[in-house]
Amino acid sequence: MMHTYTIDGRVQQFPQAGGWYYVAVPQRYTEILQPLAVRGLIAVHAVVGEVSWDTSLLPMGDGTHFIPLPAKVRRANQLDVGSCVNLRFMIRRSAA
């Protein structure tokens, strides 16, 4: 049975024009999951509300990770920068 990780966080956005929306991954998860990283990415299946999608934990460059929030997820859950979000994810096998 796969373990489900849960993040209660706030939606953030990278400051550059067209910057991605994302949720920061707690450091404790990065530490646990780092051995699974392939080129810094950790393949996961994420769920917010009723929307699920395949994505990856992406490195921030400071030793932590984030999960990008696609427009379909934000629209379906009425999320914007600063919104509180409950995100669940589980590890998936990467296609690499």
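Description of the structure in this document. (Residues numbered from 1 in each chain as written. Predicted model: local features only at pLDDT ≥ 70, side-chain atom pairs only at ≥ 80, totals over all residues. Heavy atoms only, no water.)

1. A look at the sheet that holds strand β2 (residues 12-13)
Here comes step 1: The sheet built from seven strands is open, its strands ordered β1-β7-β4-β5-β6-β3-β2 with antiparallel pairing. The outermost strands of the open sheet, each flanked by one partner alone, are β1 (5-10) and β2.
Here comes step 2: Here strand β4 (residues 42-48) pairs with strand β5 (residues 51-59) via seven bridges, running antiparallel. Bridge pairing in β5 links Ala 46 to Trp 53. (Pairing = 2+ DSSP bridges. Helix = DSSP H or I, 4+ residues; strand = E, 2+ residues; numbered from the N terminus.)

2. Considering the nonpolar core
In globular proteins that are soluble, nonpolar side chains generally tend to be buried together.
Here comes step 1: Formed by 22 residues in total, the largest nonpolar core has its most connected members in Leu 69, Leu 87 and Phe 89.
Here comes step 2: Those elements that place two or more of their residues in this core are β1, β3 (21-25), α1 (27-33), β4, β5 and β7 (84-91).
Here comes step 3: Among the elements that line this core, the one with the most residues is β4, at four residues.
Here comes step 4: Excluding anything up to four places from it in sequence, Leu 69 contacts Val 11, Tyr 21, Tyr 22, Val 23, Val 48, Trp 53, Arg 74 and Leu 87. (Core = buried A, V, L, I, M, F, W, Y, C linked by side-chain atoms within 4.5 Å. Buried < 20%, exposed > 50% of the residue type's maximum accessible area, 1.4 Å probe, protein only. Contact = heavy atoms within 4.5 Å.)

3. Description of the environment of Ala 24
Here comes step 1: Along the chain, Ala 24 falls in strand β3.
Here comes step 2: Residue Ala 24 is classed as partly exposed on the basis of its relative accessible area of 34%.
Here comes step 3: Taking C-alpha positions, Ala 24 is 19 Å from Arg 75, a pair spaced 51 residues apart along the chain.
Here comes step 4: Sequence-distant contacts of Ala 24, defined by excluding residues within four places in its chain, comprise Ile 7, Gln 12, His 65 and Phe 66.

4. Some remarks on the side chain of Arg 74
Here comes step 1: Within the secondary structure layout, Arg 74 lies in helix α2 (residues 71-77).
Here comes step 2: No salt bridge forms around the buried Arg 74; measuring N to O, its nearest opposite-charge neighbour Asp 80 is 6.1 Å away.
Here comes step 3: Those residues within four positions of Arg 74 in sequence are excluded, and the remaining contacts are Tyr 21, Leu 69 and Leu 79. (Lys, Arg positive; Asp, Glu negative; His and termini not counted. Salt bridge = Lys/Arg side-chain N within 4 Å of Asp/Glu carboxyl O.)

5. Examining unusual backbone geometry
Here comes step 1: With a phi angle near 55 degrees, Arg 39 is a residue other than glycine that sits in the positive phi range.
Here comes step 2: With respect to the secondary-structure elements, Arg 39 resides in the loop between α1 and β4.
Here comes step 3: Exposure remark for Arg 39: the relative accessible area of 72% places this residue in the exposed category.
Here comes step 4: Phi angles above zero are rare outside glycine, and Gln 78 is one such case at about 50 degrees.
Here comes step 5: Inspection of the secondary structure assignment puts Gln 78 in the loop between α2 and β7.
Here comes step 6: The class of Gln 78 is exposed, set by a relative accessible area of 74%.

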